[in-house]
Amino acid sequence: RIPALCVAAGPHLYIYRNLRAYYKFTLPDLVISDSEKEIWNDLKEDSISIDDAIEQLVALRNNDISAFVLSQRTNKLLTLSLNASEGEIRGFVDKVKHFNVHEQTAITCVCSIAKSIDEEASQENLLVGTENGKLHVVDPVQNFKIV
């Protein structure tokens, strides 16, 4: 067995063997609510005003959406709506509205755990903790799939 080194950077895991890059694994995007995507799509098509969009996003934030995460773009827009000028808000919306809404998380910790027996030569899974509080079990034997 050849040992491997795992390095975490942002949402990526880089696996090295024999001092060479061996594999790159990327965590899946976080789930964004369909309502938030729809609001940004309406802004993109100019079928809703920015003020109405902000109202809807505030309502979405205040509802119990524990299964979903508001995107950084939405959080920034809501922050700008508190103290920025209308021109700054419009400039921000015009800059980001043409991009798809998605959100990635960053890896905060990585460790390995034995699959079946606790021996030095046994196969191991990677435990990957993220900044949004999720714990993923990654199986290197199954082509680095999340178990």
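Residue positions are given per chain, counted from 1 along the sequence in the order it is written. Since the coordinates come from a predicted model, pLDDT governs what is reported: local features require at least 70, and pairs of side-chain atoms require 80 or more to be given and counted, while whole-chain, interface and lining totals use all residues. Only heavy atoms go into the side-chain values, all of them from the structure, while hydrogens and water stay out.

**Student:** Got a sec to walk through the sheet that holds strand 7 (residues 145-146)? Specific residues and values, please.
**Tutor:** One bridge is not enough; two strands pair if DSSP finds at least two bridges between them. In this text, helices come from DSSP runs of H or I with a minimum length of four residues, and strands from runs of E with a minimum of two, each type numbered from the N-terminal end. With antiparallel pairing, the four strands of this open sheet are ordered in space as 4-5-6-7. With one partner strand each, in any of the chains shown, strand 4 (107-114) and strand 7 form the two edges of the open sheet. In this sheet, strand 5 (residues 124-130) lies alongside strand 4 in antiparallel orientation, the contact comprising seven bridges. Bridge pairing in strand 5 places Cys111 opposite Leu127.

**Student:** Which residues make up the pattern of salt bridges, and what values go with them?
**Tutor:** When a carboxyl oxygen of Asp or Glu lies within 4 Å of a side-chain nitrogen of Lys or Arg, that pair is called a salt bridge. Counting across every chain of the model gives two salt bridges. Asp46 is the partner of Lys97 in a salt bridge, and the nearest nitrogen-oxygen pair spans 3.1 Å. Here Lys97, found in the loop between helix 4 (86-96) and strand 4, pairs with Asp46, found in the loop between helix 1 (34-44) and helix 2 (50-62); they are 51 residues apart in sequence, far enough to count as distant. Between Lys97 and Asp94 there is a salt bridge; the shortest N-O distance is 3.4 Å.

**Student:** Can you tell me about the sheet that holds strand 2 (residues 12-17), naming the residues and giving the values?
**Tutor:** The strand order across the open sheet built from three strands is 1-2-3, with neighbouring strands paired in antiparallel fashion. Of all strands in the sheet, those with a lone pairing partner are strand 1 (4-9) and strand 3 (20-26), marking the two edges. Put simply, the sheet's adjacent strands are angled 25° from each other on average, direction ignored. With six bridges connecting them, strand 1 and strand 2 associate as antiparallel partners. Where helices are involved, their axes are fitted lines through C-alpha atoms of the stretch in contact, as for all axes, and angles between N-to-C directions lie from 0 to 180°.

**Student:** Could you give an account of the packing of helix 2 against helix 3 (residues 72-83), with specific residues and numbers?
**Tutor:** Contact geometry for helix 2 and helix 3: axes closest at 10 Å, N-to-C directions at 115°. With respect to helix 3, the axis of helix 2 lies roughly perpendicular. The way helix 2 lies across helix 3 gives a crossing that is left-handed. From helix 2, Ile54, Leu57, Val58 and Arg61 reach across to helix 3, where they touch Thr74, Leu77, Leu78 and Ser81. For the contact of helix 2 with helix 3, the per-class residue count stands at five nonpolar, two polar and one charged. Here the angle decides the label: under 35 degrees means roughly parallel, over 145 means roughly antiparallel, 65 to 115 means roughly perpendicular, and every other value means oblique. In this scheme, a crossing is called left-handed if the near helix is turned counterclockwise away from the far one by less than a right angle; it is called right-handed if the turn is clockwise. When checking whether two residues touch, look at their non-hydrogen atoms; a contact exists if any pair is within 4.5 Å. In this classification, the charged set is Asp, Glu, Lys and Arg, the nonpolar set is Ala, Val, Leu, Ile, Met, Phe, Trp, Tyr, Cys and Pro, and all remaining amino acids, among them Gly, are polar.

Remember, this is a structural readout, not a statement about activity or role.
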